[in-house]
Structure formats: C-alpha cells, structure tokens
Amino acid sequence: MTVRNNSLKIIGVGETSILPGETAELPAGYDKNPVVLRYVARGVFSTVEPEKKKKGAQKAGEPAKVDGSAKTAGAGSTGSQTGEPGSADDSDAKK
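In this report, we go over the structure that sits alongside the text. This one's a predicted model, so the numbers in the text were calculated from it and none came from an experiment. (Residues numbered from 1 in each chain as written. Predicted model: local features only at pLDDT ≥ 70, side-chain atom pairs only at ≥ 80, totals over all residues. Heavy atoms only, no water.)

**Comments concerning the environment of L8**
What counts here: Strands are runs of DSSP state E lasting at least 2 residues, helices are runs of H or I lasting at least 4, and numbering of each runs from the N terminus. Relative accessibility decides the category of a residue: with a 1.4 Å probe and only protein chains considered, values under 20% of the type maximum give buried, values over 50% give exposed, and everything between is partly exposed.
Relative to the helices and strands, L8 resides in the loop between β1 (2-5) and β2 (11-13). Classification of L8 by relative accessible area gives exposed; the value is 82%. For the pair L8 and G21, spaced 13 residues apart in the sequence, the C-alpha separation amounts to 7.9 Å.

So this is what it looks like as structure tokens:
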C-alpha cells in the first residue's frame with residue numbers, strides 16, 4: 001500500500017519514516033494494520049493508487065526523447081550565441 005503523509009509530523013511505520021507531504025510504500029503486512037487504517041480514516045494518511053502506464057509512456061530506464069525542433073544551449077548560457085570577445089557577454093567585463 002502506498003500512502004501520503006498529510007500531517008505535519010514525521011510518522012514511522014516499521015523501519016520506514018514518512019516525512020510530512022511525502023509519499024511512501026508501506027512495509028509488507030502494514031496495509032491491514034489497525035493504526036494505519038485509523039490514520040487513513042482520520043485523514044493523516046491518504047492512500048495513493050499506482051499510476052497506470054499510458055500508451056506511449058516512457059519507461060524509467062530509457063533515456064529522454066529529444067524533440068528535433070528543440071534548441072539547445074550550453075549550461076550557464078546567457079543567451080549570446082557567438083561567445084566571441086567583444087560580444088554582448090563581454091561588454092560589462094571591459095568596463
């Protein structure tokens with residue numbers, strides 16, 4: 001069972017600690033635990049249904065697909081495409 005901690009406190013279930021706002025899989029056998037069921041009934045936990053894979057969805061182990069029309073810029077790019085001395089990037093450095 002996967003639950004989300006809706007409280008403002010850290011809740012421990014077995015050896016799993018669930019932080020506020022975090023979603024975690026409960027250890028085996030805790031899905032029928034009376035305390036867990038009470039937390040769900042009171043809204044402390046909300047159950048999360050596993051997402052169904054959509055048709056054409058990317059698998060977790062596959063590299064990301066790149067759209068051919070996407071423009072790529074180097075890390076830390078400021079928008080200047082030339083990168084040459086005297087370009088807009090270097091105007092502040094010469095002052």
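**A look at the side chain of N5**
Here is the rule: For this analysis, a polar contact is any N or O atom pair within 3.5 Å, provided that within protein one partner can donate a hydrogen and the other can accept it, and provided that sequence-adjacent residues contribute only side-chain to side-chain pairs. Note on contacts: a residue pair qualifies if any of its non-hydrogen atoms lie within 4.5 Å across the two residues.
If you trace the backbone, N5 turns up in strand β1. Here N5 falls in the buried class, since its relative accessible area comes to 1%. Among the polar contacts made by the side chain of N5, one reaches the side chain of S7 at a distance of 2.6 Å. Among the polar contacts listed, one links the side chain of N5 to the backbone oxygen of L19, at a separation of 3.4 Å. Each residue touching N5, except ones within four places of it in the same chain, is listed here: I10, I11, I18, L19, P20, G21, E22, V44 and F45.

**Side note on the packing of aromatic side chains**
Applied cut-off: Here the aromatic set is Phe, Tyr and Trp, taking the six-membered ring for Trp, and pairing holds for ring centres within 6.5 Å; pairs whose planes are under 30 degrees apart are stacked, those over 60 apart are edge-to-face, and all others are tilted.
Taken as a whole and assessed by the stated rule, the structure comprises one aromatic pair. For the ring pair Y39 and F45, a centre distance of 5.4 Å and an interplane angle of 90° mean the geometry is edge-to-face. A relative accessible area of 29% places Y39 in the partly exposed class. Overall, F45 belongs to the buried group, its relative accessible area being 1%.

**Examining the side chain of S7**
Inspection of the secondary structure assignment puts S7 in the loop between β1 and β2. Of note is the side chain of S7, whose polar atom sits 3.1 Å from the backbone oxygen of K9. If we skip the residues at most four places from it in the chain, S7 touches P20, G21 and V44.

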